[in-house]
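Structure at a glance
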Number of protein chains: 2
Amino acid sequence: MIIRQGFAELRGCGAAISDEAALRDAAVAAARSAGATVIGDHAQRYAEHGLTLVIFLAQSHVMLSTWPEYDLILADVLLCDDTMSVDGAIDALAARLCPDGTVVRSSVERRIGPAETRA
Amino acid sequence: MIIRQGFAELRGCGAAISDEAALRDAAVAAARSAGATVIGDHAQRYAEHGLTLVIFLAQSHVMLSTWPEYDLILADVLLCDDTMSVDGAIDALAARLCPDGTVVRSSVERRIGPAETRA
């Protein structure tokens, strides 16, 4: 199974960048909008400002990392189910966190399965 | 600052794939070998088998996700310091976890900094 891991740079998100509850709610909502099942989360806060938040899914993860000093949220979404839309999940994140901001996307392919199924 | 986030598929790692302490030790050693500072970690265990382990760094993260049923460990390394070597960190992971296995690498560029520095 070849899966695209999706990434986004979100800028211009306003106060959400420093609102841990809003970040968590957006990540959970994005995962659920793709059909994924949330099984845990963990936030690592940085000493000055910023945090990394991981939402663990039955299908892998949504990670948000914030750099308030750069007005930047990085998103990282891996959904290990090829019927789920990573682009849709990033759309949902952006709609909640940055409705008036900008989103720049990228992705990488990851291969998940036994060795003999690799393309 | 443009940073390459590095990924690897590791196969043929033997017993390490199911040894959480060995996975954590390898991820911490890999981060430190690159010069990064470990500030926390979190493991999410899956119901049947497999886990996702995140080592949080002052410079971002090392993540390992295991699929024992596929003999597969996925590594994900982001080092937000362009003097640190993501390839060296993956080399260190592979040397500890899969000295007799195979490693397939990929990467994606991420841009970290204020909007005006984007290339």
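Above this text sits the structure in question.
We now turn to the structure provided with this report. (Residues numbered from 1 in each chain as written. Chains lettered and ligands numbered in written order. Predicted model: local features only at pLDDT ≥ 70, side-chain atom pairs only at ≥ 80, totals over all residues. Heavy atoms only, no water.)

1. Remarks on the sheet that holds strand 3 (residues 51–57) of chain A
Residues and elements named next belong to chain A. With antiparallel pairing, six strands are arranged side by side in an open sheet as 2-3-4-5-1-6. Two strands bound the open sheet, and with one partner strand each, they are strand 2 (38–45) and strand 6 (102–111). Shown here is a sheet whose adjacent strand axes are inclined to one another by a mean of 15 degrees, direction ignored. Bridge count between strand 1 (residues 2–11) and strand 5 (residues 72–79): six bridges; the pairing is antiparallel. Opposite Glu 9, over in strand 5, you have Leu 74 as the bridge partner. Helix 1 (residues 20–33) rests against strand 2, strand 3, strand 4 (60–67) and strand 5 of the sheet, and its axis sits at about 30 degrees to strand 3. (Pairing = 2+ DSSP bridges. Helix = DSSP H or I, 4+ residues; strand = E, 2+ residues; numbered from the N terminus. Axes fitted to C-alpha atoms, helices over the stretch in contact; angles between N-to-C directions. Contact = heavy atoms within 4.5 Å.)

2. Quick notes on the sheet that holds strand 4 (residues 60–67) of chain B
Residue and element names in this part refer to chain B. With antiparallel pairing, six strands are arranged side by side in an open sheet as 2-3-4-5-1-6. Among the strands making up the open sheet, the edge pair consists of strand 2 (38–45) and strand 6 (102–111). Between one strand axis and the next, the sheet turns by 15 degrees as a mean value, whatever way the strands run. In the packing of helix 1 (residues 20–33) onto the sheet, contacts are made with strand 2, strand 3 (51–57), strand 4 and strand 5 (72–79), and the angle to strand 3 comes to roughly 30 degrees. Seen against the sheet, helix 2 (residues 86–97) touches strand 1 (2–11), strand 4, strand 5 and strand 6 and runs at an angle of roughly 150 degrees to strand 5.

3. What to know about the nonpolar core
One recurring pattern in soluble globular proteins is that nonpolar side chains are buried together. Residues and elements named next belong to chain B. Core analysis: the biggest nonpolar cluster contains 33 residues, and Leu 93 and Leu 97 have the highest contact counts within it. Elements with a contribution of two residues or more to this core: strand 1, helix 1, strand 3, strand 4, strand 5 and helix 2. Counting residues per element, this core draws most heavily on helix 2, at seven residues. Once residues lying within four places of it in the same chain are set aside, the contact partners of Leu 93 are Ala 26, Ala 27, Ala 30, Val 62, Leu 64, Ala 75, Val 77 and Cys 98. (Core = buried A, V, L, I, M, F, W, Y, C linked by side-chain atoms within 4.5 Å. Buried < 20%, exposed > 50% of the residue type's maximum accessible area, 1.4 Å probe, protein only.)

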